[in-house]
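Residue-level structure breakdown
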Amino acid sequence: MMGPSHALSGAAVWLTGSWALDQFADYHQSPLALAVGTAVCAGGALFPDLDLSGKVTRNQGGATVARTFGVFSLFIAEVMEKVSLGVYYATKLSRDPRRNNGHRTLTHTLPFTVLVGWGTTALCAAYGKWAVVSILFFMIGLALRGLFDEWAERAGWVIVTLASAAAAWFTFANLPGDRGYPMIGVAVGVGCFVHILGDMITKAGVPILWPIPIKRRMWLMVGLPNGIALRTGSKAEVIVLRTVLTVLSVLAAVGLVAPSVLHRFNIEV
């Protein structure tokens, strides 16, 4: 899927899940916590595509996420792509094909998703709000680049970076201290997992079963059959899928916010 679709799917899943927890598990979140979780999950849903690098010195190419912070994020993508390709060749079996890049390998696996989610939680627990503000800066930037792709393209990476820094600092200033913020790690992990599911409905698929060897292949790509698979950039993705995800997001957001608004104005339904 394209970057905007991935980011929107992360936001939709977090809002819908938050609504379900609110309704059926009596788990309530403040508006700030809800906004932070949604942004982080949307950013996390783009994070795996940091394995698609471009031309660092020219600030060109790469995935949507790789261009978020200009040459800086392109450099991170270059490193991640090379690490992913290295892991691929270090673990490939006889029937795994040769590759010249690491896209849709390591960062599109369940172990990577778990590692990123756990690592984020560990950083927040160890370093508190200072780790939180750094993670928020990065994830909010990815979310802005994905959810508002056309605006971000016009504004440029400097404006996106400044907007991300401002949003992260505002959140930092309003979050309570002395907490581990485990939900941030959960949001990143959920976002990465949603990304994997999104790529599974395309023709290329993802190596979701790695590192389980199957028929002398370690990197077996799992996806939908070509007849029903989603074609990247098609009307089915851009119009139908994004419309469904947008409706889900809006309905969930209204369901979460409406009760408190009605209560504030003493309106009973």
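Residues numbered from 1 in each chain as written. Predicted model: local features only at pLDDT ≥ 70, side-chain atom pairs only at ≥ 80, totals over all residues. Heavy atoms only, no water.

Taking an unreviewed UniProt entry as the reference, the protein chain is identified by name as LexA-binding, inner membrane-associated putative hydrolase belonging to Micromonospora palomenae.

1. Quick word on a nonpolar patch on the surface
On the surface, Val 71, Phe 72, Leu 147, Phe 148, Trp 151, Trp 157, Val 158, Ile 159 and Leu 162 cluster together into a nonpolar patch covering about 810 Å² of accessible area. Only helix H3 (71–91) and helix H6 (157–174) provide two or more residues apiece to the nonpolar patch. Take the nonpolar patch: its biggest share by element is four residues, from H6. Inspection of the secondary structure assignment puts Leu 162 in helix H6. When its relative accessible area of 55% is taken as the criterion, Leu 162 is described as exposed. (Patch = residues over 30% accessible without salt bridge, like charges linked within 9 Å, V, L, I, M, F, W, Y side chains within 5 Å. Areas by Shrake-Rupley, 256 points an atom, 1.4 Å probe, with all protein chains shown as cover. Salt bridge = Lys/Arg side-chain N within 4 Å of Asp/Glu carboxyl O. Helix = DSSP H or I, 4+ residues; strand = E, 2+ residues; numbered from the N terminus. Buried < 20%, exposed > 50% of the residue type's maximum accessible area, 1.4 Å probe, protein only.)

2. Considerations on the packing of aromatic side chains
Applying the stated criterion to the full structure yields eleven aromatic pairs. Taking the centre distance of 6.0 Å and the plane angle of 15 degrees together, the rings of Phe 47 and Phe 112 count as stacked. Of the two residues, Phe 47 sits in the loop between helix H2 (31–44) and strand S1 (54–55) while Phe 112 sits in helix H4 (residues 110–147), which places them 65 residues apart along the sequence. On the accessibility criterion, Phe 47 (11% relative accessible area) is buried. Given the relative accessible area of 10%, Phe 112 is considered buried. Relative to Tyr 89, the ring of Tyr 88 has its centre 5.4 Å away and its plane inclined at 90 degrees; by these criteria the two rings are edge-to-face. For Tyr 88, a relative accessible area of 2% translates into the label buried. Assessed through its relative accessible area of 29%, Tyr 89 is described here as partly exposed. Here a set of aromatic residues connected by ring pairs shows up, and it is made of Phe 47, Phe 69, Phe 112, Phe 137 and Phe 138. We note Lys 129 situated over the ring of Phe 172; from NZ or CZ to the ring centre the distance is 4.8 Å. (Phe/Tyr/Trp six-rings, centres within 6.5 Å; stacked < 30°, edge-to-face > 60°. Lys NZ or Arg CZ within 6 Å of the ring centre and 35° of its normal.)

3. Notes on the environment of Phe 47
With 14 residues separating them in the primary sequence, Phe 47 and Ala 33 have C-alpha atoms 21 Å apart. The contact partners of Phe 47, leaving out residues within four places of it in the chain, are Met 80, Phe 112, Val 116, Phe 138, Met 139, Leu 142 and Cys 192. (Contact = heavy atoms within 4.5 Å.)

4. Looking at the pattern of salt bridges
Scanning the model with the defined rule gives seven salt bridges in all. The shortest N-O distance in the salt bridge between Lys 82 and Glu 81 comes to 2.8 Å. Of the residues examined, Lys 82 reaches a relative accessible area of 45% and is grouped as partly exposed. Assessed through its relative accessible area of 4%, Glu 81 is described here as buried. Arg 242 is paired through a salt bridge with Glu 237; the nearest N and O atoms lie 4.0 Å apart. Arg 242 gets classed as buried once you look at its relative accessible area, which sits at 18%. For Glu 237, a relative accessible area of 0% gives the class buried.

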